[in-house]
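Okay, here's what each chain looks like letter by letter:
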Amino acid sequence: MTHRLKTRLTHFFPLSLITEFLSLKILPPFRHFLSKTLDFLRMDPFFFSSSSADNDFNSNNSRTLRSLSDLDDEKLFLVDHRWWNAVRESVFKEVEGVLYAGSCGFSDEFESEIVVNMRSGSGGGDCDQEEQGVSGREFAVVSEWMFYRTVKWHYDMKNAENVVAIEDNKADLFCIQVRLSFSATTNSLVVKINEKDNEVGAFNKSRRIFSVNSGLLWIWDFSGQITKFLLQGRMLPDNHELVNKEVFLELQVYGLFYDIMRKENDMAIEDSNTELKVNGHSDDIKPYVRRGQPPLASSFNEHYRLGLTGLYNLGNTCYMNSAIQCLAHTPQLVDYFLGDFRKDLNFENPLGMNGKLALAFGDLLRQLWTPDTTSVSPHAFKSRLAGFASQFAGYNQHDSQEFLAFLLDGLHEDLNRVKIKPYNEIKDVDGISNQEVADEHWRNHLARNDSIIVDLCQGQYRSTLICPLCKKHSVTFDPFLYLSLPLSSTTMRAMTLAMLTTDGSHSPTPVTITVPKYGMVKDLIQALSITCSLRDDETLLVAEIFNNRILHFLDRPYDSLELIRDYDKLAAYRLPKDQDSLPLVVFSHSHSEESNDDNDQGGPPFRRFGIPLLARIPEGSDGFELRNKFLQLINPLVMREESSSDSLDDESVNNANQDTEMDDVAIDGASSSDEVKGKSSVDESFRLSLETEGFFPARSSIVMDEPLLVPESRRIFILVSWSDEAMKQYDTSILNQLQETNVLPVVSNNLPELVSLSKYLEAFLREEPLGPEDMWYCPTCKEHRQASKKLDLWRLPEILVIHLKRFSYNQFLQDKLETFVDFPIVDFDFSNYTVHKDSQSSIRYKLYAVSNHYGGMGGGHYTAFAQCGEQWYEFNDSQVFPISEGQIKTSAAYVLFYKRM
């Protein structure tokens, strides 16, 4: 079967899908046939492109790994020797290389095939074995981990202001398929690059790099794989069947073609840092781009920045993408997985995953740090993860912190350097100092747990239990992977209401209070009473307003406040307590638009407006007394001229409270002069009519000089129709300032309360009694006691992960807590929270990543903020955007990542 045919088979029938298909209960003969086909497709590891994560997954996941020799060889990279050698002294001191001299030419049979003959310096004698002083074209063959560490080293050096690294900021990475064989005749390696095996672009670049007219070239093998193949070939007899047999090898070529082009055009590479680039593009991104417009793809001729690679959402996998991006920008963890982490794989740990989770994570992290990559798919990683954790097998949404905890624990077990865990006996600690006990516990922990995760992420608690009777102290020291801080204050809810009086003394005023989120109406009344300084002779009545009418009264103290939505509108009325037995009158407002044509009902059309007003009236009150009470309530709304405001105010009060004559100067019909005139005339500025309760009320006119009938509910609903003249005399805009419950009042300059992260830390470390279900057995009292527990931070890790517990659960409810937590970014000083500081090199931390959750329990979306260099970026699945430091703090912050300064 030819190479092209095999490639097409694996393209149209991915091995992962065929493997899943084999797991079904199909006919045994057909299953046997497919199994044999799969074995054939997999039999030559060099034949197929190992860039496919699915292929790597099937190769290592189909068998149990027992040692490093069971792993497939890492990819090989061909790079510029000068670029590689700049890193050797500081990173790869122990790595030795073998020098080969190569001569290039075309195949005798095929002009479309490049042939490179390679002879080692010791065997051929054509080159000096000393690495220094080699002239001509110099290349280096390095392993995958060496390549990534070198790329990261150059990137880090270029971010350091005082260090200038060799130019490597041009994205030039492509793959070629080569045929490798040993020639017994010339005692050399023969490398063939055939046009049929490669893409046209890759082959043309190879022709420029391995130019026939460029003379001798020098290739250093630092991977050991080329040298191993040569030594195996030399050991074979001349007539062995493997002599001259070709082996397919995939080779990644980095930076060489760009160097050739630069030299040919005699152009210097400009190393400009004046413009910020994101995936090959400048940071000149308009704000609306972050609302859905994806970033553009990178191009060959532009600068790139490592680490700015997105992750495709496979279907509700944003939780995974968010956590992985935070880990992928943890500096020490990146350096570790870009390096030779395979040497720490633990294949024997029964608590681990046979090293396969670490392999999958390392492969994904390297993809995220591959030059000239915009987005990658985490499918292979997710598939391997699902093999060990069934909860992540499907496409349901999960908690990013729970996923992070599982991943870190799994990586620790896969990379645990302890192969045989010793048994550590717990010693009696009475009379021993805390320092000695803590060190002993930590040594015992490290004797069983020793991995990069422990090195970076694990700290140590001191837990103290105190008996309430005998004061016996029990001290233990335990490791922790992260701090999980409860957001207790987020059980409170801010609400805004309109506060109104029922005596006409003040105009409506917005009031904001804080109540328990799961509280009751009585908690709302209590908070309002305190805020408005309610007098002993007053009471409060709260109503919900809808369409300028009272929808219902909140007069049942044990009703839940959860029934009040954020967009509801509430009004609170101060009523005299000694008048509770009197009828309650509700005045609603409407404006008669008399200039328009009459409607079909024969009357002028009207519209409702404003907040309804409330008052108590005596039994037997008639229409005139009702009107006077209304005039008293709207008295604060009178539009007064500056020259006569005082006199008008006094006159209005007198007219509203006394049955005396008045001069008709300020308000048309605003006094009780009608009664003095024998109630023979009715003021036309306000028309009062009775309404029934309900959404579709029936209206009836009021006979002004007859007592009102009081219904059984003791509530009278009145619709007041305002004339055009009355609308001009009163400031009705005040009545229209009713706001939604969750909106702060416009007249207030107060912002929502910011809760500092330090307050949650203090609460977390504060001494508190254990619950009745967590009784502690006191060894002195010989009985179970409700002891007090105190946590202290004893040993802090290099990477401190802080989990803000935003999701609350109880027997009946699940909810997301939206508290805005004010957390430090640049300098987080832990000196006030750590009891042991002697061995701490630094207790100051700097934020470098945040996992965010937007939305509620029923649905939401995870993103990540991470610092790359000195710039912050938002990682929203496959999209990456630069952000400012001021955009980091939001109420969506869920998991915070700090590194020691």
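Rules used throughout
- Residues numbered from 1 in each chain as written.
- Predicted model: local features only at pLDDT ≥ 70, side-chain atom pairs only at ≥ 80, totals over all residues.
- Heavy atoms only, no water.
- Helix = DSSP H or I, 4+ residues; strand = E, 2+ residues; numbered from the N terminus.
- Buried < 20%, exposed > 50% of the residue type's maximum accessible area, 1.4 Å probe, protein only.
- Contact = heavy atoms within 4.5 Å.
- Areas by Shrake-Rupley, 256 points an atom, 1.4 Å probe, with all protein chains shown as cover.
- Pairing = 2+ DSSP bridges.
- Axes fitted to C-alpha atoms, helices over the stretch in contact; angles between N-to-C directions.
- Phe/Tyr/Trp six-rings, centres within 6.5 Å; stacked < 30°, edge-to-face > 60°.
- Lys NZ or Arg CZ within 6 Å of the ring centre and 35° of its normal.
- Salt bridge = Lys/Arg side-chain N within 4 Å of Asp/Glu carboxyl O.
- Core = buried A, V, L, I, M, F, W, Y, C linked by side-chain atoms within 4.5 Å.
- pLDDT = per-residue confidence, 0-100.
- Arc of directions from axis to C-beta.
- Parallel < 35°, antiparallel > 145°, perpendicular 65-115°, else oblique.

## Observations concerning the overall build of the protein chain
A tally of helices and strands in the protein chain yields 23 helices and 40 strands. Taking all 901 residues of the protein chain together, 49% fall into the buried category. Across the protein chain, contacts joining residues at least 24 apart in sequence account for 73% of those joining residues at least 6 apart. Per element, the accessible surface of the protein chain, about 44,500 Å² overall, is 50% carbon and sulfur.

## Some details on the sheet that holds strand S7 (residues 217-221)
An order of S1-S4-S7-S2-S3-S6-S5-S8 is seen for the eight strands of this closed barrel, with the pairing classed as mixed. With direction set aside, neighbouring strand axes in the sheet form an average angle of 35 degrees. Across the face of the sheet, helix H5 (residues 81-91) comes into contact with strand S1 (76-80), strand S4 (137-143), S7 and strand S8 (247-254) while running at roughly 100 degrees to S1. Strands strand S2 (98-106), strand S3 (113-120), S4, strand S5 (173-183), strand S6 (188-194) and S8 of the sheet are contacted by helix H8 (residues 200-209), whose axis makes an angle of about 65 degrees with S5.

## Some details on the packing of aromatic side chains
Aromatic ring pairs are described here by two measures, namely the spacing of the ring centres and the angle between the planes. Overall, the coordinates contain 37 aromatic pairs when judged by the stated rule. Both rings, one in Trp84 and one in Phe222, keep their centres 5.0 Å apart while their planes meet at 45 degrees; by these two values the pair is tilted. Of the two residues, Trp84 is situated in helix H5 and Phe222 in the loop between S7 and helix H9 (225-234); the sequence distance between them amounts to 138 residues. The class of Phe222 is buried, set by a relative accessible area of 3%. An angle of 75 degrees between the planes, with centres 5.3 Å apart, marks the rings of Phe147 and Tyr148 as edge-to-face. Per residue, the accessibility class of Phe147 equals that of Tyr148, and both read buried. One Lys or Arg, Lys152, reaches over the ring of Trp369 and ends 5.3 Å from the middle of that ring. Over the ring of Tyr395 we find Lys382; its NZ or CZ atom is 4.3 Å from the centre of that ring.

## What to know about the pattern of salt bridges
Throughout the structure, instances matching the rule amount to 30 salt bridges. The partner of Arg443 in a salt bridge is Glu440, and the shortest N-O contact between them spans 2.8 Å. On the criterion of helical spacing, the pair formed by Arg443 and Glu440 is a turn pair, its members being three residues apart in helix H16 (residues 434-448). Measuring nitrogen to oxygen at the nearest pair gives 2.7 Å for the salt bridge that ties Arg574 to Glu538. Residue Arg574 is located in strand S20 (residues 569-576), and its partner Glu538 is located in strand S18 (residues 538-546); the two are separated by 36 residues in the primary sequence. When its relative accessible area of 11% is taken as the criterion, Glu538 is described as buried. Among the charged side chains, a salt-bridge network with shared partners connects Glu74, Glu144, Arg342 and Arg366.

## Brief notes about the sheet that holds strand S14 (residues 473-480)
Across the sheet, which stays open at both edges, the four strands sit in the order S14-S13-S30-S27 with antiparallel pairing between neighbours. Single-partner strands in this sheet number two, and they are S14 and strand S27 (768-769). Judged from the two bridges that link them, S27 and strand S30 (residues 788-795) form a sheet pairing that is antiparallel. Paired with Glu768 across the bridge in S30 is Lys789. Here H16 sits on the sheet in contact with strand S13 (459-466), S14 and S30, set at roughly 40 degrees to S14.

## A word on the nonpolar core
Judged by nonpolar contacts, the single largest core of 84 residues is most densely connected at Phe381 and Phe403. For this core, the leading source of residues is helix H13 (residues 356-368), giving eight residues. When residues no more than four places from it in sequence are discounted, the contact partners of Phe381 are Met320, Ile324, Leu357, Ala360, Phe361, Leu364, Phe403 and Leu407. Counting residues in hydrophobic clusters, the runner-up holds 44 residues, among them Val585, Phe630, Ile702 and Met704.

## Examining the pairing of strand S25 (residues 715-722)
Counted residue by residue, S25 has seven buried out of eight residues, so it is predominantly covered. Bridge count between strand S21 (residues 584-592) and S25: eight bridges; the pairing is parallel. In the strand pairing of S25, Leu584 is matched with Arg715. Direction of pairing for strand S23 (residues 686-691) relative to S25: antiparallel, over a ladder of six bridges. Directly across from Glu691, in S25, lies its bridge partner Phe717.

## Structural notes on the side chain of His412
The residue His412 is located in helix H15 (residues 400-414) in this model. Judged by relative accessible area, His412 falls into the buried class, the value being 5%. Residues in contact with His412, not counting those within four places in the same chain, are Asn449, Asp450, Ser451, Ile453 and Val454.

## Notes on unusual backbone geometry
Positive phi, normally seen in glycine, also occurs at Asn548, with a value near 65 degrees. One can find Asn548 in the loop between S18 and strand S19 (549-553). Asn548 sits in the partly exposed class, given a relative accessible area of 26%. Despite not being glycine, Arg714 shows a phi value in the positive range, around 65 degrees. Here Arg714 is to be found in the loop between strand S24 (699-701) and S25.

## Observations concerning the confidence of the model for the protein chain
Scored by pLDDT, the protein chain has a mean of 76; 72% of the residues are at 70 or more. When the criterion is pLDDT under 50, residues 122-135 qualifies, and its contacts beyond four places in sequence or with other chains add up to 28 contacts.

## Structural notes on the environment of Gln737
For Gln737, the location among the structural elements is in the loop between helix H22 (724-729) and strand S26 (755-756). Among the residues examined, Gln737 registers a relative accessible area of 45% and is labelled partly exposed. C-alpha of Gln737 to C-alpha of Pro508: the two residues are 229 residues apart in sequence and 8.4 Å apart in space.

## Looking at H8
Those residues of H8 lying buried are Ala202, Phe203, Ser206 and Ile209. Buried residues of H8 fall within an arc of 120 degrees about the axis and therefore sit on the same side.

## Points about the environment of Leu465
Assignment of secondary structure puts Leu465 in strand S13. A sequence separation of 324 residues divides Leu465 from Lys789, and the C-alpha atoms of the two residues are 4.7 Å apart. Apart from residues lying up to four places away in sequence, Leu465 is in contact with Lys472, His473, Ser474, Leu770, Trp776, Ser788 and Lys789.

## Here we look at the packing of H5 against helix H7 (residues 144-159)
Between H5 and H7, the least distance of the axes is 10 Å, while the angle of their chain directions is 90 degrees. Here H5 lies roughly perpendicular to H7, going by the angle between them. Side by side, H5 and H7 meet where Trp83, Trp84, Ala86, Val87, Ser90 and Val91 of the first sit next to Met146, Phe147, Arg149, Thr150, Val151, Trp153 and His154 of the second.

## Topic: helix H12 (residues 331-338)
Within H12, burial applies to Leu333, Val334, Tyr336, Phe337 and Leu338. The inward-facing, buried residues of H12 abut H7, helix H11 (318-327), H13, H15 and helix H17 (452-457).

## Describing the environment of Ile226
One can find Ile226 in helix H9. For Ile226, a relative accessible area of 9% translates into the label buried. Between the C-alpha atom of Ile226 and that of Val98, which follows or precedes it by 128 residues, the distance is 9.2 Å. Those residues in contact with Ile226, other than ones at most four positions away along the chain, are Leu76, Tyr100, Met118, Val141, Leu180, Leu189, Asp221 and Leu249.

## Brief notes about the side chain of Arg342
Within the secondary structure layout, Arg342 lies in the loop between H12 and H13. Leave out the neighbours within four places in its chain, and Arg342 touches Leu68, Leu71, Asp72, Glu74 and Leu359.

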